[in-house]
Amino acid sequence: MGKIPIHLLDMKTKEKTMVAVGMSGGVDSTITALMLKNKGYEVVGITMQIWDNNPNIKGTSSGCYGPNEKYDIRDAKKAAKMIGIKHHIVNLQEEYKKAVIEYFKEEYQKGRTPNPCVMCNSKIKFGLLLDKAMKSGIKFDYFATGHYARVSFDEKNKIYLLKKGIDKTKDQSYFLYRLKQKQLSKIIFPLGSKKKSFIKQFAKENGFEEYADKQESQNFVECDSYSALLPSGKPGKIIDYNGKILGEHNGITNYTLGQRKNINIGGLKEPYYVLKIDSKKNSIVVGPRRFAFFDRVSVKNINWIIPFNSTKNKIEVKIRYGAELAKATFISKNKNRAVLNFNKPQFAVTPGQSIVFYDKDIVIGGGIIDKNA
């Protein structure tokens, strides 16, 4: 393959390049494997096993972590057989528990709202999964997934770029902002230039109708409430924005910034929202919606895909997955931290969540929301 990134190659190439595809048992990863196989690549499927029989998770909803994982593994294995490729299961139960579940618990106990999918992608799916697969003897040159995102190579600056998927309703670049240059150099996202509707139709036309109609995971854990993962918290005070005690909460892990429902207070003239979670005082601060908008955000643990000293100061950001892009300006930035002003105040800028920086369709980088103001 020389120095030419596979992302820039015409997919009609017949050169025998080994590609491992992360197969989840869903339609996107299945069609990713099928497309690459049809283009002449040597493809192998790998599926991570992360469920560790946690008795608190009952499998009451769709998700990545839970007892229904066995059915996803079954479907991935079946898809691989239909495509005509080898399939391997990589056990990552302990690694996932440490990198994702424990991180999730610790953040919530600090009064923060984490994004476990971001950590899973950077540390597990595009990290330990590949390391463990290679150590077990599975050979491959590149790794492909069914994410709706794109990778290209900037010849001028000699760096790999992460870009949004063209399907705006399915773009998953937000979850991938922590990927490093070394990882991006070995990743293929075949679906990044496709629409979801095309993928489903393609699946049906190629004998994978049951995968096209399969319910997709809506969460990272198979339960109706995160309380199944979190320890019972200590009761504490619910106070308003002026310091008046309004009631008692049953543990700060049951709340997130911007929350309106299930606050357990009544008799108010207007709806109140969670404005702040104070883990040190074990208190919840609530108030009218207008007080839940913020002009400025401090960001920590930043991963820069494009070097911070070459990025524009005026950018767009997503403060959570599903949020509309918001215009913002860097007030300061360095390797690890940044402060941004929003052009318009943003609702529920939540500590612990990821904020991702964009220049049009290019992901500049992103980090963890530390403070809002």
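Below you will find a few notes about this structure. (Residues numbered from 1 in each chain as written. Predicted model: local features only at pLDDT ≥ 70, side-chain atom pairs only at ≥ 80, totals over all residues. Heavy atoms only, no water.)

1. Thoughts on the overall build of the chain
And then number 1: If you tally the helices and strands in the chain, you get 7 helices and 17 strands.
And then number 2: A compact globule built from 373 residues should have a C-alpha radius of gyration of about 21 Å, and the chain, at 22 Å, falls within 12% of that.
And then number 3: Along the first, second and third principal axes, the C-alpha set of the chain runs to 70 × 50 × 35 Å.
And then number 4: Within the chain, the proportion of its 373 residues that are buried is 54%.
And then number 5: Considering only contacts in the chain between residues 6 or more positions apart, those separated by 24 or more positions represent 67%.
And then number 6: Summed over its atoms, the accessible surface of the chain is roughly 18400 Å², and 49% of this surface lies on carbon and sulfur atoms.
And then number 7: Averaging the positions of the 64 positive and the 36 negative side-chain charges in the chain gives two centres separated by 4 Å. (Helix = DSSP H or I, 4+ residues; strand = E, 2+ residues; numbered from the N terminus. Rg over C-alpha atoms; globule rule 2.2 N^0.38 Å. Buried < 20%, exposed > 50% of the residue type's maximum accessible area, 1.4 Å probe, protein only. Contact = heavy atoms within 4.5 Å. Areas by Shrake-Rupley, 256 points an atom, 1.4 Å probe, with all protein chains shown as cover. Lys, Arg positive; Asp, Glu negative; His and termini not counted. Charge placed at Lys NZ, Arg CZ, Asp CG, Glu CD.)

2. Quick look at the nonpolar core
And then number 1: Counting residues in hydrophobic clusters, the biggest one holds 51 residues, and the most contacted among them are Y65 and Y96.
And then number 2: For this core, the secondary structure elements donating two or more residues are β2 (42–49), α3 (93–109), α4 (116–135), β5 (149–154), β6 (159–164), β16 (354–359) and β17 (362–372).
And then number 3: With 8 residues, α4 is the single largest residue contributor to this core.
And then number 4: The contact partners of Y65, leaving out residues within four places of it in the chain, are I50, W51, D52, N54, I57, Y96, I101, F220, V221, E222 and L229.
And then number 5: Among the nonpolar cores identified, the runner-up in size contains 27 residues, and I31, M35, I83 and Y148 belong to it. (Core = buried A, V, L, I, M, F, W, Y, C linked by side-chain atoms within 4.5 Å.)

3. A closer look at unusual backbone geometry
And then number 1: Located in the positive-phi region is A348, a residue other than glycine, with phi close to 55 degrees.
And then number 2: When you line up the elements, A348 lands in the loop between β15 (338–347) and β16.
And then number 3: Accessibility expressed as a relative area gives 3% for A348, which makes it buried.

4. Comments concerning the pattern of salt bridges
As a working rule, side chains carrying opposite charge can pair if their charged atoms are close by.
And then number 1: One pass over the full model with this rule turns up 17 salt bridges.
And then number 2: We note a salt bridge from R150 to D361, for which the minimum N-O separation is 2.8 Å. Here R150, found in strand β5, pairs with D361, found in the loop between β16 and β17; they are 211 residues apart in sequence, far enough to count as distant.
And then number 3: Taking the relative accessible area as the measure of exposure, R150 reaches 24% and is therefore partly exposed.
And then number 4: For D361, a relative accessible area of 27% translates into the label partly exposed.
And then number 5: Residue R290 is joined to E270 by a salt bridge in which the shortest nitrogen-to-oxygen separation is 3.5 Å. With a gap of 20 residues between them, R290 in the loop between β11 (283–288) and β12 (293–304) and E270 in the loop between β9 (245–249) and β10 (272–278) connect regions that are remote in the sequence.
And then number 6: Here the salt bridges share partners, and the residues they tie into one network are D28, K170, K196 and E216. (Salt bridge = Lys/Arg side-chain N within 4 Å of Asp/Glu carboxyl O.)

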